[in-house]
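Structural overview for review
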Amino acid sequence: LNEESVQLSIMGEKPEIWSALLADIDADGEDDVIVTAADSLLHVFNKDGSYLSGFPAEIPLQAISLPSIDDVDGNGYLDILIGGENNFAVFNKNGTVLSPSIQLSNPDSTFQAAGIIAVDLDEDGQKEIIGNMSRNRLCVWHNNNHNDYVMDRRYPVSLGERSLSYPVIGNYNGNEINAYISSNNGVIFRNQLGLPANTTFAWIHEYGNLQRTASWKFSEPQGPVSSTKVFDKDETYFYPNPLSTTFSKAIDHGHEVADQTIILRITTQQNVDVDIKIFDIAANKIYANTVYCENGFAGKVYIDASKMASGVYFAVLKAKGKVLKLKFAIEK
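As the structure is a prediction and not an experimental result, all values here were calculated from the model.

Examining empty space enclosed by the protein
- If you walk through the whole model with that rule in mind, you get 2 cavities of 30 Å³ or more.
- Empty space within the second largest cavity amounts to approximately 40 Å³.
- Lining the second largest cavity we find Asn-132, Met-133, Asn-136, Arg-137, Leu-159, Glu-161, Arg-162 and Ser-163.
- When the residues that make up the lining of the second largest cavity are grouped by side-chain class, the tally is 2 nonpolar, 3 polar and 3 charged.

Structure, rendered in structure tokens:
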């Protein structure tokens with residue numbers, strides 16, 4: 001901060017500050033100030049003390065950990081990761097939050113939470129989330145195409161003691177990659193992650209100590225990627241596709257499906273307004289909308305399909321003279 005003082009506006013006359021970190025969240029070349037406090041809000045300030053757009057943002061967790069910082073989705077912008085008792089929250093630079101749709105059951109409600117970190121455990125280009133949840137449970141969530149996080153089938157794993165520090169990933173005995181978890185009473189637990197010993201890690205990190213004054217040190221992102229192309233075709237699609245209420249009814253004993261929504265996920269390589277039109281098989285226009293998409297961030301359009309009949313539908317996306325055509329199916 002170059003020894004400059006700045007006034008930060010946080011609710012309350014004497015707010016209880018829980019953590020404060022520095023990281024360049026908006027990739028403008030200047031560190032931003034990230035603060036969590038007893039008001040259950042995430043505060044992110046520019047260097048001049050003004051809020052970043054989208055902040056303060058509500059933290060949707062009963063208890064919160066010391067944040068960690070990482071580029072979770074690989075878009076060149078750093079994200080803020082906060083662990084909870086039975087869930088976690090990832091905030092992007094706009095204050096948008098992503099949490100698992102299915103939480104852990106039976107939290108112990110001690111209002112204490114350990115930190116989480118983002119690690120590409122299987123080297124598939126998408127980072128997993130690993131951390132300690134309530135009742136001493138070590139958890140690993142897989143990133144499902146940046147749309148949701150699902151628990152690895154081998155987790156959670158119960159540990160014998162509570163831990164409030166980050167897991168540390170390292171090689172054990174030269175032949176396997178493990179997670180090491182330091183518990184509050186000093187016992188060290190080791191969990192096999194099932195990765196080959198030649199898995200490459202190049203992380204710079206600090207250990208989260210028992211006083212919770214150290215945080216995970218992130219590697220700098222590559223920066224947002226700009227292109228003359230408009231649409232990222234591999235990252236623009238409908239899901240679930242097909243949207244099958246028939247299947248949902250079958251597994252729910254014939255009950256009517258409450259949520260009949262199909263989601264259009266749009267990723268662009270420029271900041272653009274995208275015109276969306278959807279047609280049925282007879283070329284009747286049944287939907288039209290315009291959404292703003294920011295480079296590097298996946299925009300989501302939620303489309304009510306409750307009144308759409310079974311069949312194939314076609315979508316035409318236009319932006320800056322470029323056209324992308326998609327199709328999806330509905331089965332009822």
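Quick word on the environment of Val-312
- Position of Val-312 relative to the elements: it lies in strand β23 (residues 311–319).
- Sequence separation between Val-312 and Ile-330 is 18 residues; the distance between their C-alpha atoms is 6.6 Å.
- Beyond its immediate sequence surroundings of up to four residues, Val-312 is in contact with Asp-280, Ile-281, Phe-328 and Ala-329.

Here's the deal with the packing of aromatic side chains
- What the rule picks out here adds up to 7 aromatic pairs.
- For the ring pair Tyr-77 and Phe-297, a centre distance of 5.2 Å and an interplane angle of 35° mean the geometry is tilted. Of this pair, Tyr-77 sits in the loop between β5 (68–70) and β6 (79–83) while Phe-297 is found in the loop between β21 (285–293) and β22 (299–304), placing the two residues 220 residues apart along the sequence.
- Here the aromatic cluster, defined as three or more aromatic residues joined through ring pairs, consists of Phe-88, Trp-141 and Tyr-149.
- Against the face of Tyr-77 rests Lys-93, its NZ or CZ located 5.2 Å from the ring centre.

What about a nonpolar patch on the surface?
- A contiguous nonpolar surface patch, about 280 Å² in accessible area, is contributed by Ile-281, Val-312 and Phe-314.
- The residue Ile-281 is located in the loop between β20 (272–279) and β21 in this model.

Topic: unusual backbone geometry
- Residue Pro-156 follows Tyr-155 across a cis peptide bond; omega there is 5°.
- Cis geometry marks the peptide bond from Tyr-239 to Pro-240; its omega dihedral reads -10°.
- Checked against the element boundaries, Pro-240 lands in the loop between β17 (237–239) and β18 (243–244).
- A positive phi angle is found at Ala-27, which is not glycine, with a value near 55°.
- Summarising the element assignment, Ala-27 is placed in the loop between β1 (17–23) and β2 (32–37).
- Phi is positive for Ala-283, which is not a glycine, with a value near 70°.

Observations concerning the sheet that holds β23
- Strand order in the open sheet formed by 5 strands is β18-β24-β23-β20-β21, and the pairing between neighbours is mixed. Pairing within the sheet leaves two strands with one partner each, and these edge strands are β18 and β21.
- Bridge analysis of β23 against strand β24 (residues 322–331) gives 9 bridges, and the strand direction is antiparallel. Note that in β24 the partner of Ala-319 across the bridge is Lys-322.

A word on a positive patch on the surface
- Taken together, the side chains of Lys-277, Lys-285, Lys-318 and Lys-325 present a region of like positive charge at the surface.
- Assignment of secondary structure puts Lys-318 in strand β23.

Describing the side chain of Asn-86
- As for its position among the elements, Asn-86 is in the loop between β6 and β7 (88–91).
- In this structure the side chain of Asn-86 is engaged in a polar contact, spanning 3.0 Å, whose partner is the side chain of Gln-103.

Conventions used here
Residues numbered from 1 in each chain as written. Predicted model: local features only at pLDDT ≥ 70, side-chain atom pairs only at ≥ 80, totals over all residues. Heavy atoms only, no water. 1 Å grid on protein atoms, 1.4 Å probe; cavity = no way out; pocket = protein on both sides within 12 Å on 5 of 7 lines; lining within 4 Å. Points joined across faces, edges and corners; volume = space filled by probe spheres on them. Nonpolar A, V, L, I, M, F, W, Y, C, P; charged D, E, K, R; others polar. Helix = DSSP H or I, 4+ residues; strand = E, 2+ residues; numbered from the N terminus. Contact = heavy atoms within 4.5 Å. Phe/Tyr/Trp six-rings, centres within 6.5 Å; stacked < 30°, edge-to-face > 60°. Lys NZ or Arg CZ within 6 Å of the ring centre and 35° of its normal. Patch = residues over 30% accessible without salt bridge, like charges linked within 9 Å, V, L, I, M, F, W, Y side chains within 5 Å. Areas by Shrake-Rupley, 256 points an atom, 1.4 Å probe, with all protein chains shown as cover. Salt bridge = Lys/Arg side-chain N within 4 Å of Asp/Glu carboxyl O. Pairing = 2+ DSSP bridges. Lys, Arg positive; Asp, Glu negative; His and termini not counted. Charge placed at Lys NZ, Arg CZ, Asp CG, Glu CD. Polar contact = N/O pair within 3.5 Å; in protein donor to acceptor, adjacent residues only side chain to side chain.

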